[in-house]
Amino acid sequence: MNIAKVIVDLSLDKAFDYNIPEELKGRVHIGVQVKVPFGRSSRRGYVLNIVEKSDFDSPLKDIHSICERHTKIPEPLVKLGRWMADYYCCSREQAVRTLLPRAVRSGKVKHKTLKLFSVVDTKEAEEFVIEHAEKKRYEPQLTVLRTLLRHKEVSQEQLLKESGVTISPVKTLIKNGLVSEEKRVVRRDPFADVTIIADQPQQPTPEQKMALEKIYSMLDDVSEKHTLLLHGVTSSGKTEVYLQAIAKALGKGKEAIVLVPEIALTPQTVRRFRARFGDMVSVLHSRLTEGERFDEWSKINDSLVKIAVGARSALFAPFQKLGLIIVDEEHESSYKQGEAPRYHARDVAVLRGQMENAVVILGSATPSFETYKNAVDGKYELAELKKRVDDCLLPSVKVVDNRLGALDNDKPSIFSKMLVNEVRGRLEKGEQTILFLNRRGFARQMMCDHCGYVAECPQCSVSYTYHKKRESLTCHLCGDVIRSYVRCPKCNAEDIRYSGTGTEKIEAIANAIFSKARIERMDSDTMRKTSSYEAVLNKFKRGEIDILIGTQMIAKGLHFPNVTLVGVLNADQGLYIPDFRSDERTFQLLTQVAGRAGRGDVRGEVVVQTFNPDNETIRCSVAQDFNAFFKYDMEMREALAYPPFGHLLAVHFRSEDQQLCSNYAEQFMQHIRPLCHEKVIVTEPAPSPIERVKGKYRYMIILRGEKIKMLRRYIRRMILDTRHPKGIDIYVDVDAQSLL
Ligand code: ADP
Ligand code: ZN
């Protein structure tokens, strides 16, 4: 085996052959980062494969050298990357790049080392201090020794600060053998300031026990099914099942990965894993500094930890003895990456599990249809937790028909009479309320009543959202912001009207109706920083907030026993988004929000306001009946051949030039049309539902159906190998989660 196939850090989707020179034999393996001559310079690259013979006739160049040891990718991950490149139609470099954090790949971030000082021998040091203090000699050295005697070991910075001396007496002490210095790698710990109280496994409930038994037997023998869906209602103890499953895997000498959606990756979540497994847990999320990310990754790579908890990219934790992968809230669309490679972490998790003989647990209260179908069809094991822990009841749900009008004639109708009364009742009893509306800002639209002018973003085909407090109009797609108008910019009339209520307006109305209540709002406008998010949640937990108003930011994963009421202000909001998953999303969101109510001793209540009380999705959500909803919506999907019946693949075209965009999409279509067999449904190139974003027009082609592997391969080649016209971006989204 003399030839290494290397991909360099250019997006060429091609591996180049290099000779392995004599002095590097035995050290070049798959996944190792190497330096190779390339053109007139040299480049870094990864070894994808090692083979006997090259397909090239011309003499090969030698590999230059091997890069630092930390940048080796475990071999199974290299394979996974190759699969991702093919399946998600991206270049191999893009796929390999996601396997490693940038901090590691670049080779620029290093371990942080610290100089630590300590006394060599306590008795000797004490004698020295006693002897010379009497003679009033070497005062600086004595101060240093006193400082060191107070601590076990002290960093240079702390030592000089505490003793108020220069480095020179320290050096003298080292020279004389009284003090030793040591360089040590320190790990930057992203959750160092989180205090954690160790906890013990809970006695499993009968349902948890059944789930765990299935998981244990899968861990004992992975050969049959290796994926299990844990379908458990909110607060049914899914996390406790994960914790005990992990303990079992660790007991077998294996390692575990836990994926949670970024939004749920709060210190609250991390704390639960740390409380059970202490410093065996490494945490990976998007807010880490490069240095922290490097350290977390290195801890895994050096086998110093056994569990990685993190968002999407934690899936690529370089464990060598992976036994278990958990994907919590597996239905979350944030598991799909929005840029190349557009991979779905849940699906890739199932694949990694299969490749490395690890058990995969997918957990959710509202499983995705893809996963649930796999469980129903017997491809996955299924375990259900139908009851909440401690038999605490699921909340009761009341529906208010929004069409029946306003509270009073002079009050806006977004608060129904029933909701207002329920909130008042909670305020009297000192219980807490969550009000949910999935739209931020004050109003969705600013319109002139006189001439009909609507303020729209000039770069995107959406109207500006009005933010009252900041007196601004902003575009939620591109971030553009302008000052709000007092008069219509077109006809100069003062008849400005705002429609489409957002959370900011809800807050204003709530403040007016419940004037004595303590109200806070939580959305991405008020929560710019993680720390403010934490601060509000802590305040809420301490009971210093009566009513918390928010967007989906408050819908997920929060535990507050004193919340006994959840108000959903407009349940229909997501229903009419032109996407075949809009009903599924609505059902998931309503179920999650409702799950926030009643986690303590009092049964929770949910008030759902809707304009469509007869809509089947709303009805199933209100009844909290997943199976009924699944049955209903699956019929529709099957009839229209949408996933999980067959695959879906979207080809996107973007350009500032509308004509170019539409023409090129049509031209592309000409190429693939002949390849579409009768089991493939193709929509003609058409503008996306949101036609223009950030000044670019958007067109797309959607392909769906069965047996599209060949077609996908062909499209991949077309996208990667063709020289596309200037000024057009084109990409494929395989298993697209959003069609906007
Ligand atoms: P989920 O992940 O399904 O929302 P959790 O695992 O967070 O549910 O459980 C909800 C609450 O119940 C947590 O406070 C958890 O500590 C507690 N809990 C879970 N399992 C048990 C058990 N077997 N016995 C007692 N308490 C439990
Ligand atoms: Zn815009």
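Note: the structure precedes this text.
What counts as what
Residues numbered from 1 in each chain as written. Chains lettered and ligands numbered in written order. Predicted model: local features only at pLDDT ≥ 70, side-chain atom pairs only at ≥ 80, totals over all residues. Heavy atoms only, no water. Near = heavy atom within 4 Å. Polar contact = N/O pair within 3.5 Å; in protein donor to acceptor, adjacent residues only side chain to side chain. Areas by Shrake-Rupley, 256 points an atom, 1.4 Å probe, with all protein chains shown as cover. Helix = DSSP H or I, 4+ residues; strand = E, 2+ residues; numbered from the N terminus. Nonpolar A, V, L, I, M, F, W, Y, C, P; charged D, E, K, R; others polar. Core = buried A, V, L, I, M, F, W, Y, C linked by side-chain atoms within 4.5 Å. Buried < 20%, exposed > 50% of the residue type's maximum accessible area, 1.4 Å probe, protein only. Contact = heavy atoms within 4.5 Å. Donors = N, O, S within 2.8 Å, 3.2 Å for Na, K, Ca; no water. Tetrahedral: all angles 85-135°; square planar, octahedral: opposite > 155°, others 65-115°. Pairing = 2+ DSSP bridges.

Trainee: Describe the site of ligand 1, naming the residues involved and giving the relevant values.
Mentor: Within the structure, ligand 1 sits among 16 residues, and Gln-203, Gln-208, Lys-238, Thr-239 and Arg-272 are positioned closest to it. Between a nitrogen atom of ligand 1 and a side-chain N or O atom of Gln-208, the distance comes to 2.8 Å. Here ligand 1, which alone exposes 550 Å², has 77% of that area covered by the protein. Ranked by residue count, the leading element in the shell around ligand 1 is helix α9 (residues 238–251), at three residues. Tallied by class, residues from the shell around ligand 1 come to three nonpolar, nine polar and four charged.

Trainee: Describe the nonpolar core, naming the residues involved and giving the relevant values.
Mentor: Residues Phe-316, Val-651, Phe-653, Phe-668, Leu-703 and Ile-715 are the most contacted members of the largest nonpolar core, which totals 82 residues. When near neighbours in sequence (up to four residues on either side) are disregarded, Phe-668 contacts Val-651, Phe-653, Ile-701, Ile-715, Met-718, Ile-719 and Ile-730. Counting 33 residues, the second largest nonpolar core, distinct from the first, contains Val-241, Val-270, Val-283 and Ile-361.

Trainee: Now, about the coordination of the zinc ion (ligand 2): what can you tell me, with residues and values included?
Mentor: The protein atoms that coordinate the zinc ion (ligand 2) are Cys-457 (SG), Cys-460 (SG), Cys-475 (SG) and Cys-478 (SG), at distances spanning 2.3 to 2.4 Å. Here the zinc ion (ligand 2) is ringed by four donor atoms whose angles at the metal span 108 to 112 degrees, and the overall shape comes out tetrahedral.

Trainee: Break down the pairing of strand β10 (residues 255–259) for me, citing the residues and quoting the values.
Mentor: Across the five residues of β10, five count as buried, placing the element largely inside the fold. Residue alternation in β10 divides its side chains into two sets, Glu-255, Ile-257 and Leu-259 and Ala-256 and Val-258, and both sets are buried. Across five bridges, β10 lies against strand β13 (residues 322–328) in parallel orientation. Looking across to β13, one finds that Ile-257 is bridged to Ile-325.

This is a description of form; function is not addressed.
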